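Given next are the chains, with one letter for each unit.
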Number of protein chains: 2
Amino acid sequence: MDFDAAFIGSGAGGYYSALRLLKRKKKVLIIEKEKFGGECLNYGCIPSKALIELSEGIEYLKDMPGVSMNYSIDMKEWQKWKQSVVTRITGGAEKLCLSLGAKIVYGKGSIKDRNTVTVNGTDYSAENIIIDTGSVPVKINGIDDVYYNREILAMENIPEKLVIIGGGYIGIEMGTAFRKLGSDVYIVEMKDRILPEIEEDLAREVDKKLRKLGVKIMTGSRVQSVKKNGKYTVAIEGSESMEADTVLMSVGRVPNTADTGIEKLGIQMDGKFIHTDGHKRTSVPNIYAIGDVSGGPMLAHKAFYDGYVAAENILGNDTVVDYRALPFVVYTDPEIAFTGKSGAKYNKVPVLANPRSLTMNQKEGFFKIYYDDDGSITGAGVAAPRSSESITEISLAVESGLSIDDLFLTIHPHPTVSEGLKDAAERND
Amino acid sequence: MDFDAAFIGSGAGGYYSALRLLKRKKKVLIIEKEKFGGECLNYGCIPSKALIELSEGIEYLKDMPGVSMNYSIDMKEWQKWKQSVVTRITGGAEKLCLSLGAKIVYGKGSIKDRNTVTVNGTDYSAENIIIDTGSVPVKINGIDDVYYNREILAMENIPEKLVIIGGGYIGIEMGTAFRKLGSDVYIVEMKDRILPEIEEDLAREVDKKLRKLGVKIMTGSRVQSVKKNGKYTVAIEGSESMEADTVLMSVGRVPNTADTGIEKLGIQMDGKFIHTDGHKRTSVPNIYAIGDVSGGPMLAHKAFYDGYVAAENILGNDTVVDYRALPFVVYTDPEIAFTGKSGAKYNKVPVLANPRSLTMNQKEGFFKIYYDDDGSITGAGVAAPRSSESITEISLAVESGLSIDDLFLTIHPHPTVSEGLKDAAERND
């Protein structure tokens, strides 16, 4: 065999898994059809966080009593900086893989048989094949030439009027950021609330803040057509049409299995996703699938984790996924984080009672810890500044079977946002 | 007895301890000679974090490629906002104590005998007395009329030239903030490095960044005199004198035991601190001392924790302090956090390898996890954005006897700064 493992796709899960194998002296082939690092690093979570950070910086100073500010943003210049950040990360990962001996081939890879992958007309044999082909945005027939995550994050100007079709986490993150950067933002969501994938009380905090920021939210609304003629015209059932200079389509993502060759091997599917067992093996045991293409929430850290599990099994270390404390984070205002699951009881503390948040001029949100009757922490839902950073103490507590008393008695530095979690862990009896 | 517990001082430890007793139906007296909430809330950690946050907001936009900004700060207006934040926190705490039945008396309290406190000429009897009189800045004979933490945090203009005597955490936090707000900053430190109370590798990151920001750091330097005549003239041994419009004296703090009456009862001391046992009892068992006055690091969260321990013992729940994972946080650039202790081994990962930090345009610092040969986490030192928020996962790990594998296998959301801790928990063998 030419390789111990061949990866189709170098996204978050793929390159991370490859690195784990490379560090343990395995021979690794990585096939990438576009850019090393995949969607998250190049076009998703990394550029979006840079943009959100910028919008929050602007909003903070605009809101701060005593501060007067005039500013302008040369988005072309900013995009260059953003691209330098992306390149540092993706380039670093690629170089590290190469330095550990990986062979990286650019081109469209597919599976020929259970031990052969093909790219650019060349076959390579491999003991194991890992499918990490990710996901693509859902496109709606007849609605063409709109913006998706890639285009919106590459914009070289700030839209005047931005209509967002789909109020899931991508649409809401982008809507919040561009509103803070000055755009007039409309969000059109088919369901009866935004962020339908998130617990309702968390989503409600974001909904409230978005309206306060002046974002127009239209729930229970269905887009009939989007026409482009210089400007866009968006027709919505039962409402007047809207004109806009930019339309973002963010109605979900679907697994990307096109032309991977999986149908030839009769690999079992779960709907559009590739079916995998707890080891991240497909129905063909030496072929693994990880990340978005393999089902479950489409999150980079879930892909990393899948990649770890697949690598361990390839290394002969029998390892099964444990998604018990898989966090979900949305970089909205307030920032939302959720981990674990609800329990028999919960305590809830408002952000207004958190001194550190007040020093940031942030007042919206809450800290909610779920626990069982014996005090074991089962999960948490947080809508508060920097909740993406503090949620991990709850994940760790869930993974380790810790109780609210364990959390309460852990000394949290003062003043921090994470003290809100400690306060929510206090027994009131 | 009039009260189950009488508190002398309503600082972080005092009011927190009082609240715990009040929630459990104890009769509580709180004596406060100045402002409810004490030094931290009124003049220390809360106002300083608000100022630091402002300075970081300015610096971030000034540094960001593509952003042009003009700004001015009306510090009088800003101070009003800051004061509103402080008042919300202190007023909230005071109201909560009152609503739970506390008697609050403003005046200078002292101990008359082991069951009596006196304030404004009135005696009150109490089963337990808790001393929470905090600390005061060290003043140097002959150097008068300079700024201390209270004055510098109340400034209604941004100093043109600020000389800071003492490079401990207060001096460095203020020096960083005012430099970012435009002051010309000089730091004079007697020892051979700044932040002598912090691990050297952490302090070095801050030293490097301060110099990059243009702060002049003079270590191994002793101030001879400070004269005020309109402007200040600061004379330094072996150097030329400096003129400055503002001089901050931050050479440490000492416990505040003046006029507390403790000498009458022959309460045992540890130098200038009140000696306490693990229950936070003084040598007179129904008299407790908590927070800065009782020794150990002068940190609000240590005071909260002391207050919790004292309250539990007063409630009859035998409880002993456990400072094993007492975190230390400095809100510098990069932000520093330390918890636990060093171990047999460590892993260190640079901030430059942390994608989330890069999206914030932050590149300095590292994540360092200490562990023993069996993998048990013993502590961590972090110099990275928002380290105050992520350090608690390490404190929780130390408290709970978790290993680097437990931490590594806990799914950290992507992209977050806390992923740096996960990466530092990865075994490289």
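The written sequence of each chain sets the order in which its residues are numbered from 1. Chain letters and ligand numbers both follow the written order, the letters beginning at A and the numbers at 1. The predicted origin of the model limits local features to residues at a pLDDT of at least 70 and limits the giving and counting of side-chain atom pairs to 80 or more, whereas totals for whole chains, interfaces and linings rest on all residues.

A look at the overall build of chain A
Here comes step 1: Under the scheme used here, helices are H or I runs from DSSP no shorter than 4 residues and strands are E runs no shorter than 2 residues, and both carry numbers assigned from the N terminus. Looking only at helices and strands, chain A has twelve helices and 24 strands in total.
Here comes step 2: For chain A, the spread of C-alpha atoms along the principal axes amounts to about 65 × 60 × 40 Å.
Here comes step 3: For every residue, the other C-beta atoms within 10 Å of its own C-beta are counted; 20 or more classify it as buried, 12 or fewer as exposed, and values in between as partly exposed. C-beta atoms are placed from the backbone. Expressed as a percentage of the 429 residues in chain A, the buried residues total 55%.
Here comes step 4: Residues are defined as contacting one another if the C-beta atoms placed from their backbone atoms lie within 7 Å. Counting contacts in chain A only where the partners sit at least 6 residues apart, residues at least 24 apart contribute 65% of the total.

A few points about the pairing of strand 23 (residues 366–371) of chain B
All names here are of chain B.
Here comes step 1: Burial of strand 23 is extensive: six of the six residues sit out of reach of the surface.
Here comes step 2: Taking every second residue as pointing to the same face, both faces of strand 23 are buried, with F366, K368 and Y370 on one and F367, I369 and Y371 on the other.
Here comes step 3: Where strand 22 (residues 345–350) and strand 23 come together, six bridges link them in antiparallel fashion. Note on strand 23: the bridge partner recorded for P350 is F366.
Here comes step 4: Sheet topology places strand 23 next to strand 24 (residues 377–383); six bridges connect them, and they run antiparallel. Residue pairing across strands places K368 opposite G381, the latter belonging to strand 24.
Here comes step 5: When DSSP finds two or more bridges between a pair of strands, those strands are recorded as paired. The antiparallel pairing of strand 23 with strand 24 creates a hairpin that spans five residues between the two strands, and G375 there sits at a positive phi of about 95°.

Side note on the domain arrangement of chain A
Residue and element names in this part refer to chain A.
Here comes step 1: By the assigned domains, chain A splits into domain 1 (3–137 + 254–314), domain 2 (149–251) and domain 3 (334–424).
Here comes step 2: An automatic or database domain assignment supplies the residue ranges for each domain. The C-alpha centroid of domain 2 is placed 27 Å from the C-alpha centroid of domain 1.
Here comes step 3: Taken together, the contact between domain 1 and domain 2 spans 15 residues of the former and 13 residues of the latter.
Here comes step 4: Mapped by element, the contributors of at least two residues to the side of domain 1 that touches domain 2 are helix 3 (45–63) and helix 4 (75–99).
Here comes step 5: Here the element with the most residues in the side of domain 1 that touches domain 2 is helix 3; it accounts for eight residues.
Here comes step 6: Side-chain classes follow a simple rule in which Ala, Val, Leu, Ile, Met, Phe, Trp, Tyr, Cys and Pro form the nonpolar group, Asp, Glu, Lys and Arg form the charged group, and the remainder, Gly included, forms the polar group. The residue inventory of the side of domain 1 that touches domain 2, partitioned by class, reads eight nonpolar, four polar and three charged.

What to know about the relation of the copies chain B and chain A
Here comes step 1: Only residues with pLDDT of at least 70 in both copies count here: their C-alpha atoms drive the least-squares fit that superposes the copies. When chain B is fitted onto chain A, the two copies agree to an RMSD of 0.0 Å after a turn of 180° and an axial shift of 0.0 Å. In short, the pair behaves as if placed about a two-fold rotation axis.
Here comes step 2: Here 100% of the interface residues in chain B have copies in chain A that are interface residues too; the copies meet face to matching face.

Focus on the sheet that holds strand 14 (residues 242–244) of chain B
Residues and elements named next belong to chain B.
Here comes step 1: On the basis of which strands lie adjacent, the open sheet formed by three strands has the order 12-13-14 and antiparallel pairing. Whereas interior strands pair on both sides, the edge strands pair on one side only; in this sheet they are strand 12 (223–229) and strand 14. Here the strands of the sheet are splayed against their neighbours by 20° on average, with no regard to which way each runs.
Here comes step 2: Judged from the three bridges that link them, strand 13 (residues 231–236) and strand 14 form a sheet pairing that is antiparallel. Bridging from a neighbouring strand, Y232 pairs with A244 of strand 14. Interaxial angle, 0 to 180 degrees, is taken between N-to-C directions of lines fitted to C-alpha atoms, where a helix line uses only the stretch in contact.

Overview of the environment of G261(B)
Residues and elements named next belong to chain B.
Here comes step 1: When you line up the elements, G261 lands in the loop between strand 16 (253–255) and strand 17 (269–270).
Here comes step 2: A count of 19 C-beta atoms within 10 Å places G261 in the partly exposed class.
Here comes step 3: Between the alpha carbons of G261 and K112 there is a distance of 6.6 Å; along the sequence they are 149 residues apart.
Here comes step 4: The residues touching G261, leaving out its near neighbours within four places in the chain, are S110, I111 and K112.

Some thoughts on the packing of helix 10 (residues 387–399) of chain A against helix 10 (residues 387–399) of chain B
Here comes step 1: Axis separation between helix 10 of chain A and helix 10 of chain B bottoms out at 6 Å; the angle between their running directions is 20°. With respect to helix 10 of chain B, the axis of helix 10 of chain A lies roughly parallel. Crossing of helix 10 of chain A against helix 10 of chain B: the hand is right-handed. Contacts from E389(A), S390(A), T392(A), E393(A), L396(A) and A397(A) of helix 10 of chain A reach helix 10 of chain B at E389(B), S390(B), T392(B), E393(B), L396(B) and A397(B). Roughly parallel refers to an angle under 35 degrees, roughly antiparallel to one over 145, roughly perpendicular to one between 65 and 115, and oblique to any angle outside these ranges. Crossing handedness is read from the near helix: turned anticlockwise from the far helix by less than a right angle, it gives a left-handed crossing, and turned clockwise, a right-handed one.

A word on the nonpolar core
In globular proteins that are soluble, nonpolar side chains generally tend to be buried together.
Here comes step 1: Membership of the largest hydrophobic core comes to 269 residues, with the highest contact counts inside it found for V247(A), I369(A), V247(B) and I369(B).
Here comes step 2: Beyond its immediate chain neighbours, meaning those up to four positions away, V247(B) contacts V146(B), Y147(B), V163(B), I165(B), V226(B), Y232(B) and V234(B). Here a nonpolar core is just a set of buried residues of the types Ala, Val, Leu, Ile, Met, Phe, Trp, Tyr and Cys, joined wherever their C-beta atoms sit within 7 Å.

Quick look at the interface of chain B and chain A
Here comes step 1: Each side of the interface is counted separately: chain B has 66 residues, and chain A has 66 residues.
Here comes step 2: In terms of residue count, helix 10 of chain B provides more of the side of chain B that touches chain A than any other element does, ten residues in total.
Here comes step 3: Looking at the side of chain B that touches chain A residue by residue, the class counts come to 37 nonpolar, 17 polar and twelve charged.
Here comes step 4: With seven bridges connecting them, strand 3 (residues 67–73) of chain A and strand 3 (residues 67–73) of chain B associate as antiparallel partners. Bridging across to strand 3 of chain B, M69(A) finds its partner in Y71(B).

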